[in-house]
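Listed below, chain by chain, are the residues.
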Amino acid sequence: MREEQVRTLVAFILIIAILLLWTLFSKPRSSARAPVVPIAKDTLVMEKESPAVIVNRDTIAIDRPNYRIVLATAGGSVKSFYLKRYRAEFVPEEQYLFVTRFPGMDSVINFKYNRLGDSVIFSAVLKGNSIKKSYYFNDSSGFALSIQSDSIASVLSLNAGLRVTETKNRLDDLRHFGVYIKDKNCVNIAKKIKDVYQYRGSFEWFSMRTKYFALIINNPGRIESLDFRKILPALDKKISGIDDDRSPVNAAFGCGFGGGSTVRFGAEIPGDHNLKINVRLLPLRHDILARYNQGYQAMAELGLWGFIARIILLIFNFFYLVFRNYGVAIILFAILLKAVFFPLSRKMIVSQYKMQMLQPELKKIQAKYKNDSAALNQEMMHLYKTYKVNPFSGCLPLLIQFPIFMALYQALNTSIEFRQAHFVFWLTDLSIKDPFYVLPIGMGVMMLIQSLMTPIDPRQRFMVVIMPLFMIFIFLNLPSGLQLYWFTYNILTLVENYIVKRGGVK
Amino acid sequence: MRYIALIFIKGYQHTFGRIFPRVCRYEPTCSTYAYQAITRFGLIRGVGLGIWRIIRCNPLTAGGFDPIPDRWRDTKCVKNR
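A brief look at the structure comes next. The structure presented is a predicted model; accordingly, all values stated were derived computationally and were not measured.

What about the overall build of chain A?
The secondary structure content of chain A amounts to twelve helices and 18 strands. Here chain A holds 506 residues, and the buried ones make up 52% of them. Considering only intrachain contacts with a sequence separation of at least 6, the fraction spanning at least 24 residues in chain A is 68%. Of the roughly 24,600 Å² that chain A leaves accessible, carbon and sulfur atoms contribute 59%.

The structure is reproduced here in structure tokens:
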């Protein structure tokens, strides 16, 4: 018995070690690395580490039903891009996006502006040549931008990158930052951006994403070159005020298990005389992205078990339509799943009950084959067969739970639906962990009660205490939506036990 | 390949198999069954047998003593049982 317990403990430590090692190795090293790399001559824009200093702050505010944009005359840039529905700002503090710069010039020039209905037209004269930059706010989710000039080549810079919108869980948001390019296929090129990555070739659109949103730049003007860069953490800290400790261990426990880099990316469209792009800022919701028929939805795929996750989300959204609360939707989903599996679990509870009556017989066998566990197992199986009971639910039900759990994890962990989704009392955001750990600990307690209620093999008594602790440890930092689901599921298991036993078991 | 599969099964048995309470309705358990099936019949047939066993291992079947067949052609009898 003693030895058995020691081995179980070792197994536990092994699993935890594997999980930890996995997170450590799947995390790219971030801060300690050489800041500057050799840069090709033709990418003048890359010579500067930080975006050019912008002095003048004349601004033009554009208010539309879905968003609010503030333009700045300096560089004819976007100073603020705010989505009203999601209460999210995307331009980093003190930074500017869509800045027009001129190769070889250190600072950014000030444009004159002219506002005409839905459009703002910036114009400037540089060394006797004129340049015109026009914004058209004709789209419900963004704008069209064109630059026209006879002879000056300019660079359109998004080097500031996108802002971290999830202030309560910055690291988790950062882990999802990436860059996609859609040519024939939609590819996430974040891994290719070592420091600088120059893309040459045609593309339909490219996008910069955060955890929940994507800034998509469509390419009707057939641009064929893009320069991406990694915003180094040291620099990032300075310019964007992101000051989290980015050590791997912190990242692992701060946002659940799993690696992922925690850097932001910048992009530039290097110079030409004319340029035409359409910009959209969209939430990463599969149904919304699919509406545009541009293949945007490839960015919202939910991993290996994506199709199950999508079905689960459909059910959640259906419940949401009725009850207007995602917390309620999660609880109803747990009830639904329990109801579907009820016939199976009823069978299980009944057989567990029968097992209790077989206890005396079992004790006899256990005494007889004390030192031969293989023979004991075999003998026990014979006993179960003669009395037509089987205390085990089987491997299939356990294995089927795995894809469902993974899909649920994907759905709850990364779907924008749960972002800032209020439930009750202290649970104000189902996409982040329970701040007071009530749900995971409650869940552990529930598991303990449940296993104390069911008769078990004395060889596994040790597990009864360890298992809930292990589960609490795993669940501690997962999104509270997921915690809520398991919490409810465990309560329902207890209820189910009660109902079946009260219903009478022969 | 075969050895990778076998090591994988052993790895499972020594970690998760130890931690989670027993669920398998059969003797030998599904993992042991798959292990023996792979050693006896090779990777493809072994894995096939293992998957078939896992599918059978649910509350709707009786469970019980179910060793792997001695010869490949005996496997049909197992399915009929």
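Back to the text.
Digging into the sheet that holds strand 11 (residues 178-182) of chain A
Residues and elements named next belong to chain A. The strand order across the open sheet built from nine strands is 6-7-8-9-18-15-14-11-12, with neighbouring strands paired in antiparallel fashion. The strands lining the two open edges of the sheet, one partner per strand, are strand 6 (112-116) and strand 12 (186-188). Adjacent strand axes in the sheet meet at a mean angle of 20 degrees, parallel and antiparallel pairs treated alike. Sheet topology note: the strand 8 (residues 129-139)/strand 9 (residues 142-149) ladder contains seven bridges and is antiparallel.

Some remarks on the sheet that holds strand 17 (residues 264-272) of chain A
Two pairing modes exist for strands in a sheet, parallel and antiparallel, and in both the strands are linked by backbone hydrogen bonds. Residue and element names in this part refer to chain A. As summarised here, the arrangement of the five strands in space is 5-10-17-16-13, forming an open sheet in which the pairing is antiparallel. The open sheet has two edge strands with one neighbour each: strand 5 (99-101) and strand 13 (196-200). Sheet twist, expressed as the average angle between the axes of neighbouring strands with direction ignored, equals 25 degrees. When strand 13 meets strand 16 (residues 225-231), the two strands line up antiparallel, connected through five bridges. By the bridge assignment, Tyr-199 is partnered in strand 16 with Leu-226.

Quick look at the interface of chain B and chain A
Listed as interface residues are 24 residues of chain B and, on the opposing side, 27 residues of chain A. When chain B packs against chain A, the two sides together hide about 2,500 Å² of surface, and 72% of this comes from carbon and sulfur. Counting across the chain B and chain A interface gives zero salt bridges. The tally of links between chain B and chain A comes to two residue pairs in polar contact (both at pLDDT 80 or more).

Some details on the pairing of strand 6 of chain A
Residue and element names in this part refer to chain A. Bridge count for strand 6 against strand 7 (residues 119-126) is five bridges, and the pairing is antiparallel. Considered in strand 7, the bridge of Arg-115 is made with Val-120. Between the antiparallel neighbours strand 6 and strand 7 lie two residues, among them Gly-117 with a positive phi of about 55 degrees.

Section: helix 3 (residues 30-41) of chain B
Under the 1.5 Å per step criterion, the end-to-end length of helix 3 of chain B is 16 Å for twelve residues, consistent within 8% with the ideal 16 Å. If you check which residues of helix 3 of chain B are buried, you get B:Cys30, B:Ser31, B:Tyr33, B:Ala34, B:Ala37, B:Ile38 and B:Phe41. Buried residues of helix 3 of chain B fall within an arc of 160 degrees about the axis and therefore sit on the same side. Among the structural elements, helix 9 (395-414) of chain A together with helix 1 (2-14) and helix 4 (43-56) of chain B are those in contact with the buried residues of helix 3 of chain B. Taken from the residues just after helix 3 of chain B, B:Gly42 is the one with a positive phi, measuring 90 degrees.

As for the environment of A:Leu478
All names here are of chain A. Its place among the elements puts Leu-478 in the loop between helix 11 (461-475) and helix 12 (480-502). Of the residues examined, Leu-478 reaches a relative accessible area of 6% and is grouped as buried. Placed 46 residues apart in sequence, Leu-478 and Ile-432 show a C-alpha to C-alpha distance of 7.1 Å.

As for the nonpolar core
Note on soluble globular proteins: their nonpolar side chains tend to be buried together. In this structure, A:Leu71, A:Phe81, A:Phe98, A:Phe143, A:Phe206, A:Phe228 and A:Ile277 are the most contacted members of the largest nonpolar core, which totals 62 residues. Grouped together as the second largest cluster of nonpolar side chains are 39 residues, A:Ile312, A:Leu313, A:Leu337 and A:Phe423 included.

Let's talk about the packing of aromatic side chains
Note on aromatic pairs: each is described by the distance of the centres and the angle between the planes. Residues and elements named next belong to chain A. Tallied over the entire structure, the rule returns 25 aromatic pairs over all chains. Judged by centre distance (6.5 Å) and plane angle (20 degrees), the ring pair of Tyr-197 and Phe-228 falls under stacked. Of this pair, Tyr-197 sits in strand 13 while Phe-228 is found in strand 16, placing the two residues 31 residues apart along the sequence. For Tyr-197, a relative accessible area of 18% translates into the label buried. Judged by relative accessible area, which is 0%, Phe-228 ranks as buried.

Describing the packing of helix 9 of chain A against helix 12 of chain A
Where helix 9 of chain A meets helix 12 of chain A, the closest approach of the two axes is 9 Å, and the angle between their N-to-C directions is 140 degrees. Together, A:Gln401, A:Phe405, A:Leu408, A:Tyr409 and A:Leu412 of helix 9 of chain A and A:Gly481, A:Leu482, A:Tyr485 and A:Trp486 of helix 12 of chain A make up the contact between the two elements.

Concerning the pattern of salt bridges
The final tally for this structure, using the stated rule, is twelve salt bridges over all chains. A salt bridge links A:Glu268 to A:Arg101; the nearest nitrogen and oxygen atoms lie 3.7 Å apart. With A:Glu268 in strand 17 and A:Arg101 in strand 5, this pair connects stretches of sequence that are 167 residues apart. Here A:Glu268 falls in the buried class, since its relative accessible area comes to 1%. The buried category is assigned to A:Arg101, whose relative accessible area is 7%. A:Glu204 is the partner of A:Lys182 in a salt bridge, and the nearest nitrogen-oxygen pair spans 3.3 Å. Pair noted here: A:Lys182 is in strand 11 and A:Glu204 is in the loop between strand 13 and strand 14 (205-209), with a separation of 22 residues, a long-range link. Given a relative accessible area of 13%, A:Lys182 falls into the buried group. Judged by its relative accessible area of 38%, A:Glu204 falls in the partly exposed class. A single salt-bridge network, built from bridges that share partners, covers B:Arg53, B:Arg56 and B:Asp66.

Considerations on the side chain of B:Gln13
Residue and element names in this part refer to chain B. Checked against the element boundaries, Gln-13 lands in helix 1. Gln-13 gets classed as buried once you look at its relative accessible area, which sits at 18%. Discounting residues that sit within four places of it in the chain, Gln-13 has contacts with Arg-18, Ser-31 and Thr-32.

Concerning the state of the cysteines
Counted according to the given criterion, the structure contains zero disulfides over all chains. With no disulfide partner, B:Cys57 has as its closest neighbouring cysteine sulfur the one in A:Cys395, 3.5 Å distant.

Remarks on unusual backbone geometry
Residue and element names in this part refer to chain A. Phi is positive for Lys-127, close to 50 degrees, though the residue is something other than glycine. As for its placement among the helices and strands, Lys-127 is situated in the loop between strand 7 and strand 8. According to the relative accessible area criterion, Lys-127 is exposed, its value standing at 77%. Positive phi outside glycine occurs at Asn-293, with the angle close to 55 degrees. For Asn-293, the location among the structural elements is in the loop between helix 5 (286-290) and helix 6 (306-323). On the basis of relative accessibility, which here comes to 70%, the residue Asn-293 falls in the exposed class.

Reading the values: the criteria
Residues numbered from 1 in each chain as written. Chains lettered and ligands numbered in written order. Predicted model: local features only at pLDDT ≥ 70, side-chain atom pairs only at ≥ 80, totals over all residues. Heavy atoms only, no water. Helix = DSSP H or I, 4+ residues; strand = E, 2+ residues; numbered from the N terminus. Buried < 20%, exposed > 50% of the residue type's maximum accessible area, 1.4 Å probe, protein only. Contact = heavy atoms within 4.5 Å. Areas by Shrake-Rupley, 256 points an atom, 1.4 Å probe, with all protein chains shown as cover. Pairing = 2+ DSSP bridges. Axes fitted to C-alpha atoms, helices over the stretch in contact; angles between N-to-C directions. Buried area = accessible area lost by both parts, 1.4 Å probe. Salt bridge = Lys/Arg side-chain N within 4 Å of Asp/Glu carboxyl O. Polar contact = N/O pair within 3.5 Å; in protein donor to acceptor, adjacent residues only side chain to side chain. Expected span 1.5 Å × (residues − 1). Arc of directions from axis to C-beta. Core = buried A, V, L, I, M, F, W, Y, C linked by side-chain atoms within 4.5 Å. Phe/Tyr/Trp six-rings, centres within 6.5 Å; stacked < 30°, edge-to-face > 60°. Disulfide = S-S within 2.5 Å.

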